[in-house]
Amino acid sequence: MTAKGHDHHQGVFERLPGIVRALVADHTPDLPAFNGLVITGSDRVRLYLTAPDGSLTYGADVIISHTGPGLLAGITSGYLDNEHDQKPTDDPLCDVVVDLTSY
């Protein structure tokens, strides 16, 4: 890996703690609960969140370097509830997947 590539990966992964903090810091019972994440690529992650009523576990695919307050606010404001954006999945950790990579 080149020095430039290494720096990019390091910068991307340094953002992960901030993403997690944003999802758990202000959690209330009426918001999706953060369960964990899996790194799925060099700049991609799947966030696992459970619906407030426990009915669904979402896998939200995001690009780490593009994740900021707007995406995180969208996740907690009901963006995951749009049934048209939910796709079936064979991922055993979630019921549906929502592609937020272009958010």
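Up top is the structure.
Just so it is clear, the structure is predicted and the values come from calculations on it, not from any experiment. (Residues numbered from 1 in each chain as written. Predicted model: local features only at pLDDT ≥ 70, side-chain atom pairs only at ≥ 80, totals over all residues. Heavy atoms only, no water.)

Asks: Please provide a residue-by-residue account of empty space enclosed by the protein, values included.
Replies: With the rule as written, the count across this model stands at 1 cavity of 30 Å³ or more. Partitioning the lining of the largest cavity into residue classes produces 5 nonpolar, 3 polar and no charged. (1 Å grid on protein atoms, 1.4 Å probe; cavity = no way out; pocket = protein on both sides within 12 Å on 5 of 7 lines; lining within 4 Å. Points joined across faces, edges and corners; volume = space filled by probe spheres on them. Nonpolar A, V, L, I, M, F, W, Y, C, P; charged D, E, K, R; others polar.)

Asks: Explain the sheet that holds strand 3 (residues 57-63) to me, using residue names and the numbers behind them.
Replies: Read from one edge to the other, the open sheet built from 5 strands follows the order 1-2-3-5-4, with strand pairing classed as mixed. Pairing within the sheet leaves two strands with one partner each, and these edge strands are strand 1 (33-41) and strand 4 (86-88). Neighbouring strand axes in the sheet, compared pairwise and without regard to direction, differ in orientation by 30 degrees on average. Here 7 bridges tie strand 1 to strand 2 (residues 44-50), and the two strands are oriented antiparallel to one another. The residue bridging G41 from the neighbouring strand is R44, located in strand 2. (Pairing = 2+ DSSP bridges. Helix = DSSP H or I, 4+ residues; strand = E, 2+ residues; numbered from the N terminus. Axes fitted to C-alpha atoms, helices over the stretch in contact; angles between N-to-C directions.)

Asks: Residues and numbers for the pattern of salt bridges, please.
Replies: Opposite charge on two side chains permits pairing when their charged atoms draw close. A complete count under the given rule lists 2 salt bridges for this structure. When the shortest N-O distance is used, the salt bridge between R46 and D61 registers 2.6 Å. In this pair, R46 is assigned in strand 2 and D61 in strand 3, connecting sequence segments 15 residues apart. Grouping residues by exposure puts R46 and D61 together as buried. Between R46 and D91 there is a salt bridge, with its nearest N and O atoms 2.7 Å apart. Taken together, the residues span a long stretch of sequence, with R46 in strand 2 and D91 in the loop between strand 4 and strand 5 (96-99) at a distance of 45 residues. As far as the burial class goes, R46 and D91 line up, both buried. Sharing partners across several salt bridges, the network here consists of R46, D61 and D91. (Salt bridge = Lys/Arg side-chain N within 4 Å of Asp/Glu carboxyl O. Buried < 20%, exposed > 50% of the residue type's maximum accessible area, 1.4 Å probe, protein only.)

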